[in-house]
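Structural overview
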Amino acid sequence: MDAADIDAARLPDTYPMDRARSCPLDPPAEYGRFRAERPITRITLDFDGSVVWLVTRYADAQTILGDPRFSSDFSTPGFPARLTAKPPGPGTFIRMDPPDHSRLRRILQPEFTRRRVEALRPAIQDIARTLVDDMAARTPPVDLVTSLALPLPSMVITELLGVPYEDREYFHETTKVIGDQSVDPRRRIQVRDDLKTYLDKLVAVKEAEPADDVLSRLGARREEAGVSREEVVGIATLLMVAGYETIANQIGSGTVALLENPDRVAELRADPAKLPDAVEEIIRHQTVIDYGLRRAATEDVEVGGQLIKKGDGVVVVVASANRDESVFECPDRLDFDRERHDHFSFGYGIHQCMGQILARAQLEAAWSTLFDRIPGLRLAIPVEQVKFRFDMFVYGVHELPVTW
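This report concerns the structure included in the present document. (Residues numbered from 1 in each chain as written. Predicted model: local features only at pLDDT ≥ 70, side-chain atom pairs only at ≥ 80, totals over all residues. Heavy atoms only, no water.)

**A few points about the environment of Gly226**
Put simply, the test is: A run of DSSP states H or I qualifies as a helix once it reaches four residues; a run of E qualifies as a strand once it reaches two. Both are numbered from the N-terminal end. Working rule for contacts: check all heavy atoms of both residues, and any pair within 4.5 Å makes them a contact.
Positionally, Gly226 belongs in the loop between α10 (214-225) and α11 (229-259). Sequence separation of Gly226 and Gln356 is 130 residues, and the distance between their C-alpha atoms is 25 Å. Look past the residues within four positions of Gly226 in its chain and what remains in contact with it is Arg103 and Glu231.

Here it is as structure tokens:
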């Protein structure tokens, strides 16, 4: 065995990696060695002992995520289920393949067009301004998570769906439990079922008394689209979870990255036109989908010179692919002038996130308002003391004390 083999053998043989041992703003350092030495490798999942393919390189991630022979269906043999005791219910199209995936996605597509999101921008900006002004009026230190990161996407998604905002605390707790890897799977399932029960009642109200919101429009279109009422409830549940927790944590971790790179904040203040590029770079640099995107091969496929057999599970580590040095020069650097290149933070292929335009609009509103209205913003504690979400499915921060 030569030196390279010895080094490769020392790489971890279980997944996920212990992120707490590295800089909290960077993925585990082992990913870089995996990309170089074992970009597609067999690894044991620590939660159930199953063995899957771990994919860490950009080109291989793009191939797998764009190939229909890799299934997103939870019921496909070999699919890495991960802490879930039963399959997702009707309407959860991110865990489906065509034609059901296409049918359900189609009914939702009109709600997330660029034109519709642009029409929402003034309302999103007003929400961000109100939250930041309330935050600035308080005596620091203030927790940015509870002041801005959590309420902004919660207010946006509840307004979009037509959910009464007085129920916001319920949704905060619901999504927290669903995303917590340490919570008993039975508890997570119960909380998600409770959320579906709530939304089922709300959908019934919208069908009886339609309003100008997504749930009412889905109800009006569903029969023609061949979508059941139960599937509409499932879609609403998915939007509540996916449209809230990911944005909240992107605001949290992205703000830490900005505060730890004051030169980048100065760039934005000097040239606000850089904001869209800055948001794109932060999304790449701070990939909050920490666990990875899961697939199962439905037939034998060769990827990057490696044969992946039918029935093999696959975990595509997008946090690693987004730091691939063969695609992104100096990938660990936060660089707003970086040549624009697609990243995988919103997925890739037919499962690319439908709400990404809305997500970008919220992030632009959050960071532009935050640094415009509180120009002296800084961390109130050393970054080493920030409570990062090492124990959660979506990465971010539990709380973020800031001062000015």
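That covers the picture; the talk isn't over yet.
**Observations regarding the sheet that holds strand β6 (residues 293-297)**
Going by this rule: In this analysis, strands are considered paired if DSSP registers two or more bridges between them. For helices, the fitted line uses only the C-alpha atoms of the stretch in contact; every axis is such a line through C-alpha atoms, and the angle between N-to-C directions lies from 0 to 180 degrees.
Taken together, 6 strands build an open sheet; the order of strands is β1-β2-β3-β9-β6-β4 and the sheet is mixed. Each having just a single partner strand, β1 (14-15) and β4 (70-71) make up the two edges of the open sheet. When strand β2 (residues 40-45) meets strand β3 (residues 51-55), the two strands line up antiparallel, connected through 5 bridges. Across the sheet, Ile40 pairs through a bridge with Val55, a residue of β3. Strands in contact with helix α3 (residues 58-65) are β2, β3, β4, β6 and β9 (313-316); relative to β9, the strand with the most contacts, it is inclined by about 125°.

**What about the pairing of β9?**
Defined as follows: For every residue, the accessible area obtained with a 1.4 Å probe (protein chains only) is divided by the maximum for its type, and the residue is called buried under 20%, exposed over 50%, and partly exposed between those limits.
In β9, alternate side chains face the same way, and those of Gly313 and Val315 on one face and Val314 and Val316 on the other are all buried. Inspection of the sheet shows β3 paired to β9 by 3 bridges, in the parallel sense. Within the sheet, the bridge partner assigned to Val55 lies in β9 and is Val316.

**Considerations on α11**
Rule in force here: What a helix is expected to span follows from its residue count: subtract one and scale by 1.5 Å.
Relative to the 45 Å expected for 31 residues at 1.5 Å per residue, α11 spans 45 Å between its end C-alpha atoms, a close match to the ideal helical length. With 26 of 31 residues buried, α11 is to be regarded as a mostly interior element.

**Remarks on the pattern of salt bridges**
Definition in use: Salt bridges are counted wherever a side-chain nitrogen of Lys or Arg sits within 4 Å of a carboxyl oxygen of Asp or Glu.
Across all of its chains, the model carries 32 salt bridges by this definition. For Glu37, the salt bridge is made with Arg33, and the minimal N-O distance between the two is 3.5 Å. Of this pair, Glu37 and Arg33 both sit in helix α2 (residues 30-37), 4 residues apart, which is roughly one turn of the helix. Given a relative accessible area of 35%, Glu37 falls into the partly exposed group. Note on Arg33: relative accessible area 31%, which makes it partly exposed. One salt bridge in this structure joins Arg186 and Asp184, with 2.9 Å as the shortest N-O distance. Put simply, Glu111, Arg116, Asp212, Arg217 and Arg221 are held in one network by salt bridges that share partners.

**Structural notes on the packing of helix α4 (residues 100-108) against α11**
Quick reminder of the rule: Any angle between 65 and 115 degrees counts as roughly perpendicular, while under 35 counts as roughly parallel, over 145 as roughly antiparallel, and the rest as oblique. Three categories are distinguished: nonpolar for Ala, Val, Leu, Ile, Met, Phe, Trp, Tyr, Cys and Pro, charged for Asp, Glu, Lys and Arg, and polar for the others, with Gly belonging to the last.
Contact pair α4 / α11: the axes reach a minimum separation of 11 Å and the direction vectors enclose 70°. It follows from the interaxial angle that α4 and α11 lie roughly perpendicular. Touching Arg103, Leu104, Ile107 and Leu108 of α4 are Glu231, Ile235 and Leu239, all from α11. Here the residues of the contact of α4 with α11 sort into 5 nonpolar, no polar and 2 charged.

**Some remarks on the sheet that holds strand β10 (residues 378-379)**
The strand order β5-β13-β10 describes an open sheet built from 3 strands, whose pairing is antiparallel. Both outer strands of the open sheet, β5 (142-143) and β10, are each paired with one neighbouring strand and no more. Alignment of β5 against strand β13 (residues 401-403), held across 2 bridges, turns out to be antiparallel. Note that in β13 the partner of Asp143 across the bridge is Pro401.

**Let's talk about the nonpolar core**
What counts is decided by this rule: By convention a nonpolar core is built from buried Ala, Val, Leu, Ile, Met, Phe, Trp, Tyr and Cys residues, the set being connected through side-chain atoms within 4.5 Å.
Within the largest apolar cluster, 84 residues are counted, with the highest numbers of intra-cluster contacts made by Leu108, Leu144, Leu152, Leu370 and Leu400. Here the element with the most residues in this core is α11; it accounts for 15 residues. The residues contacting Leu152, other than those within four sequence positions of it, are Ile124, Ile127, Ala128, Leu131, Ile251, Gln362 and Ala366.

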